[in-house]
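# Coordinates in review
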Amino acid sequence: MFSQSLRLLVALSLGVSTPVWAQTEAAKPRSSVKPVTVNGKPIPRSRVDFILKQRAAQGQPDNEQARKAILDNLITQEVVAQEADRKGFAKSADVRNQLELLRQQVLVQAIVQDHLKTHPIKDEEMLAEYNKVKASRGDKEYKARHILVDKDTEANEIIAQLKKGSKFEDLAKQSKDPGSKEKGGDLDWNPPSTFVKPFSEALTKLEKGKYTETPVQTQFGWHVIQLDDVRSAQFPAFDTVKQQLLTRMQEQEVQKFVGALRSKAKIE
């Protein structure tokens, strides 16, 4: 439940347009749309400006046509909302619950955005994380194949057939790994860290073109592994993954923030 709530919280904080309070005074557009009332209830000009800011954050234009369209939609919404209120929908338990959830979501968005604003992820922190991930991947990548079976006796039989000259690609058709069996067991290029420890240890000990002559056991079953090739690791430049790093590190910062709040909360 906590992880689901956190994912929602992160989505709200990172995946929505910039809230109105985050805009500077200088950035506020001056609307030429005249104030309007619907059955005596005014539609504030600030509401039009708020929607304009959201659209501007998504790269949409701010012009007279857009302002009039927004106001027209707000008028329609107000007319229908007033009718719903007249018919008592605001007293419905389901509607009240939805309104309260929306209220909480807006508050969550505001406080999380404020936290990220006051706890920004610095470039040097992102670079340190980048170098950490890069180091964990190692300096080599391996192009491997494997055949996965349920029993060591099956794996030993496959090894025996390989020694007799059978092709690895043909024997891979009996693998229980659906992602590679139809590709001759091909796992493509990967750093050793991609695989579970027993698999990666066996892989890195192989010579190019050789296969494991002893079955390798993991939690998935028994593997026969063949190493096709080795190359220097291909790692993306920092600038190309900077935004991804920022998003991930912001999520981690939000998780830490929420965890601290939960740890202090009295939950009975």
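Nothing here was measured: the structure is a model prediction, and the numbers come from that model. (Residues numbered from 1 in each chain as written. Predicted model: local features only at pLDDT ≥ 70, side-chain atom pairs only at ≥ 80, totals over all residues. Heavy atoms only, no water.)

## Some thoughts on helix α3 (residues 64–86)
Note: α-helices contain 3.6 residues per turn, so residues at a spacing of three or four share the same orientation. In plain terms, the rule: Helix and strand definitions follow DSSP, with helices as H or I runs of at least four residues and strands as E runs of at least two, each counted in order from the N terminus. Expected span, for any helix, means 1.5 Å times one less than how many residues it has. Here the term buried applies to any residue with accessible area under 20% of the maximum for its type, exposed to any over 50%, and partly exposed to those in between, with areas from a 1.4 Å probe on protein chains only. Here, two residues are considered to be in contact whenever any of their heavy atoms come within 4.5 Å of each other.
The end-to-end C-alpha distance of α3, which contains 23 residues, comes to 33 Å, matching closely the 33 Å that a straight helix rising 1.5 Å per residue would cover. The complete set of buried residues in α3 reads Ala66, Arg67, Ile70, Leu71, Leu74 and Glu78. In this structure, the buried residues of α3 make contact with β1 (36–38), β2 (41–43) and α2 (45–57). Gly88 sits one or two residues past α3 and shows a positive phi near 90 degrees.

## Focus on the sheet that holds strand β5 (residues 216–218)
As a reminder, the rule being used: Two strands qualify as a pair provided DSSP detects at least 2 bridges between them. Note on geometry: axes are lines fitted to C-alpha atoms, helical ones only across the stretch in contact, with angles between N-to-C directions running from 0 to 180 degrees.
If you walk across this open sheet you meet the four strands as β4-β3-β6-β5, and the pairing is antiparallel. Each edge of the open sheet is held by one strand with a lone partner, namely β4 (186–190) and β5. For this sheet, the mean angle separating the axes of adjacent strands, direction not counted, is 40 degrees. Packed on one face of the sheet, helix α6 (residues 152–163) meets β3 (140–149) and β6 (221–232) and runs near 50 degrees to β6. Sitting on the sheet, helix α8 (residues 197–205) touches β3, β4, β5 and β6, and the angle it makes with β5 is about 155 degrees.

## Quick notes on the confidence of the model for the protein chain
Quick note on the threshold: pLDDT expresses, on a scale from 0 to 100, how confident the predictor is about each individual residue.
Mean pLDDT for the protein chain: 89, with 88% of residues reaching 70 or above. Across residues 1–6, where pLDDT falls below 50, the model places five contacts with residues more than four positions away in sequence or in other chains. Predicted confidence for residues 12–29 stays below pLDDT 50, and this span has 33 contacts to residues more than four positions away or in other chains.

## Some remarks on the packing of aromatic side chains
The description of two aromatic rings rests on the distance between their centres and on the angle between their planes. Formally: Here a pair means two rings of Phe, Tyr or Trp (six-membered ring of Trp) with centres within 6.5 Å. Their orientation is stacked below 30 degrees between planes, edge-to-face above 60, and tilted elsewhere.
Tallied over the full model, the rule gives three aromatic pairs. Relative to Phe238, the ring of Tyr130 has its centre 5.4 Å away and its plane inclined at 75 degrees; by these criteria the two rings are edge-to-face. Taken together, the residues Tyr130 in helix α5 (residues 123–137) and Phe238 in helix α9 (residues 238–264) connect sequence positions 108 residues apart. Take Tyr130: its relative accessible area is 9%, and that puts it in the buried class. With relative accessibility at 17%, the residue Phe238 sits in the buried group.

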